[in-house]
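For reference, the chains in residue letters:
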Amino acid sequence: MPAALVFHVGYPKTGTTTFQRRVFPFHAGLHYLGKFIPGYDYLNEALGREISTLMRGDHAWSGRKLQELVAAARAEAGERPVLISSENFIHVDSQPPEIVADRLARTFPDCRVVICVRRQEDLLASFWRNHGAFGSYLYVAKAEGEGLSLPLSFDRWLELNFRCPFKNILGVLD
């Protein structure tokens, strides 16, 4: 029987980077394929490209190459579960989450999915402190003459997010 296959869907500000940097690569009981932080690499370039295509590719994506790469990793893993982690499975620049989830389910029907959660109010406050106050990762829908001075207050940042929620952190949380 092949090794178990686990996808870690890393919602923002739920410890994903810490897991990718400090836990997954060093856990002897796992065969970790990536995402390795700080390099943002996978076990090999081909795997990285296929994971990226799974998340961002057009509707003609087949998954065959990814199946081959993962099958080889599962054979190499022995009894250890194979783990792939990425926060981009639910990123605003990826395909909608339902498409990514359908692709995973069709390509790897026996896989397991791990999602870490955090109280949304705390997640938003952390995201604002680390990124939002400075306008990072913010798609803004505003009038041409409307000012945007940084740093943004939490209320101003949240108001800007609500103008275009599907392209910002709010869309990820929906």
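This text follows the structure it describes.
Everything in this summary refers to the structure shown in the same document. (Residues numbered from 1 in each chain as written. Predicted model: local features only at pLDDT ≥ 70, side-chain atom pairs only at ≥ 80, totals over all residues. Heavy atoms only, no water.)

Once that is clear, we can look at the layout of surface pockets. When its volume is computed, the largest pocket comes out at roughly 640 Å³. If you go around the largest pocket, you meet 25 residues; those closest to its centre are Pro12, Glu87, Phe127, His131 and Tyr137. Counting residues per element, the ones that place at least two in the lining of the largest pocket are helix H1 (16-23) and helix H7 (169-173). At three residues, the largest contribution of residues to the lining of the largest pocket is made by H1. The wall of the second largest pocket is formed by 14 residues, among which Val92, Pro97, Phe166, Gly171 and Val172 lie closest to the centre. Broken down by secondary-structure element, the contributors of at least two residues to the lining of the second largest pocket are helix H4 (97-107) and H7. Considering each element in turn, the lining of the second largest pocket owes the most residues, three residues, to H7. Residue composition of the lining of the second largest pocket, grouped by class: eight nonpolar, four polar and two charged. (1 Å grid on protein atoms, 1.4 Å probe; cavity = no way out; pocket = protein on both sides within 12 Å on 5 of 7 lines; lining within 4 Å. Points joined across faces, edges and corners; volume = space filled by probe spheres on them. Helix = DSSP H or I, 4+ residues; strand = E, 2+ residues; numbered from the N terminus. Nonpolar A, V, L, I, M, F, W, Y, C, P; charged D, E, K, R; others polar.)

This part covers the packing of helix H5 (residues 120-130) against helix H6 (residues 154-163). At a minimum axis distance of 11 Å, the contact between H5 and H6 shows a crossing angle of 105°. The angle between H5 and H6 falls in the class roughly perpendicular. Counting all contacts with H5, which are made through Leu124, Ala125, Phe127 and Trp128, the residues of H6 involved are Phe154, Trp157 and Leu158. Its residues assigned to classes, the contact of H5 with H6 comprises seven nonpolar, no polar and no charged. (Axes fitted to C-alpha atoms, helices over the stretch in contact; angles between N-to-C directions. Parallel < 35°, antiparallel > 145°, perpendicular 65-115°, else oblique. Contact = heavy atoms within 4.5 Å.)

By themselves, these figures tell us nothing about what the structure is for.
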